[in-house]
Amino acid sequence: MKPQSRDSVFSRIYAVVRRIPRGRVASYGQVAKLAGNPRWARVVGYALHVNPDPEGIPCYRVVTKEGRPSPAFAFGGFQEQVYLLKRDGIAFDENGNVDMKRFQWRPDETSF
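Heads up: these notes are all about the structure in this document. In this text the structure is predicted, and so the values were computed from the model without any measurement.

### Points about helix α3 (residues 41-49)
- Looking at α3, one finds that the buried residues are V43, V44, A47 and L48. In a view along the axis of α3, the buried residues occupy a sector of 135°, so they form one face of it. Opposite the buried face of α3, by more than 90 degrees, sit the exposed residues R42 and Y46.
- Contact partners of the buried residues in α3: α1 (6-18), α2 (28-35) and β2 (62-63).

So, in structure tokens, the structure goes:
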């Protein structure tokens, strides 16, 4: 990471994640890009793992680019993330992945 403070970077990540609407998901790389640096995908994972406000920052809506939920989901484990996504209306394919063509959030990236 560049010489920005961790808190500043995490705040940018959380601001993006707050915007993911119910019924949509974003990938770690997508959140990284929208937060300001497409190379921050792992940083997004770190930030979400220490999410200070899971109710207000819906980190469960972030999955891999293939649509896989996280086996290390910090707020109840993999099955809890799947449950929360299904509760949002997200469907999974036969491999247990989110159908990214159907459910990926597509914001106007110029609005960030």
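### Some thoughts on the packing of α1 against α3
- Across the interface, α1 lies against α3 with an axial gap of 10 Å and an inter-helix angle of 85°. In terms of orientation, α1 lies roughly perpendicular with respect to α3. Here α1 contributes V9, F10, I13, Y14 and V17 to the contact with α3, which in turn contributes V43, V44, Y46, A47 and L48.
- Tallied by class, the residues present in the contact of α1 with α3 amount to 10 nonpolar, no polar and no charged.

### Examining the pattern of salt bridges
- Scanning the entire structure with this criterion turns up 3 salt bridges.
- R22 is paired through a salt bridge with D88; the nearest N and O atoms lie 3.5 Å apart. Of this pair, R22 sits in the loop between α1 and β1 (26-27) while D88 sits in the loop between α4 (78-87) and α5 (100-103), and the two are 66 residues apart along the sequence.
- By relative accessible area, which is 7% here, D88 ends up buried.

### What to know about α1
- Between its first and last C-alpha atoms α1 spans 18 Å; for 13 residues at 1.5 Å apiece the expected length is 18 Å, and the two agree.
- Taken together, the buried positions of α1 are V9, F10, I13, Y14, V16 and V17. Looking down the long axis of α1, one finds its buried residues gathered within 160° of arc, a one-sided arrangement.
- Those residues of α1 that are buried lie in contact with α2, α3 and β2.

### Focus: the side chain of Q104
- Checked against the element boundaries, Q104 lands in the segment after α5.
- Looking at Q104, its side chain comes within polar contact range of the side chain of R106, at 3.2 Å.
- When near neighbours in sequence (up to four residues on either side) are disregarded, Q104 contacts R24, V25, S27, Q30 and D99.

Definitions and cut-offs
- Residues numbered from 1 in each chain as written.
- Predicted model: local features only at pLDDT ≥ 70, side-chain atom pairs only at ≥ 80, totals over all residues.
- Heavy atoms only, no water.
- Buried < 20%, exposed > 50% of the residue type's maximum accessible area, 1.4 Å probe, protein only.
- Helix = DSSP H or I, 4+ residues; strand = E, 2+ residues; numbered from the N terminus.
- Arc of directions from axis to C-beta.
- Contact = heavy atoms within 4.5 Å.
- Axes fitted to C-alpha atoms, helices over the stretch in contact; angles between N-to-C directions.
- Parallel < 35°, antiparallel > 145°, perpendicular 65-115°, else oblique.
- Nonpolar A, V, L, I, M, F, W, Y, C, P; charged D, E, K, R; others polar.
- Salt bridge = Lys/Arg side-chain N within 4 Å of Asp/Glu carboxyl O.
- Expected span 1.5 Å × (residues − 1).
- Polar contact = N/O pair within 3.5 Å; in protein donor to acceptor, adjacent residues only side chain to side chain.

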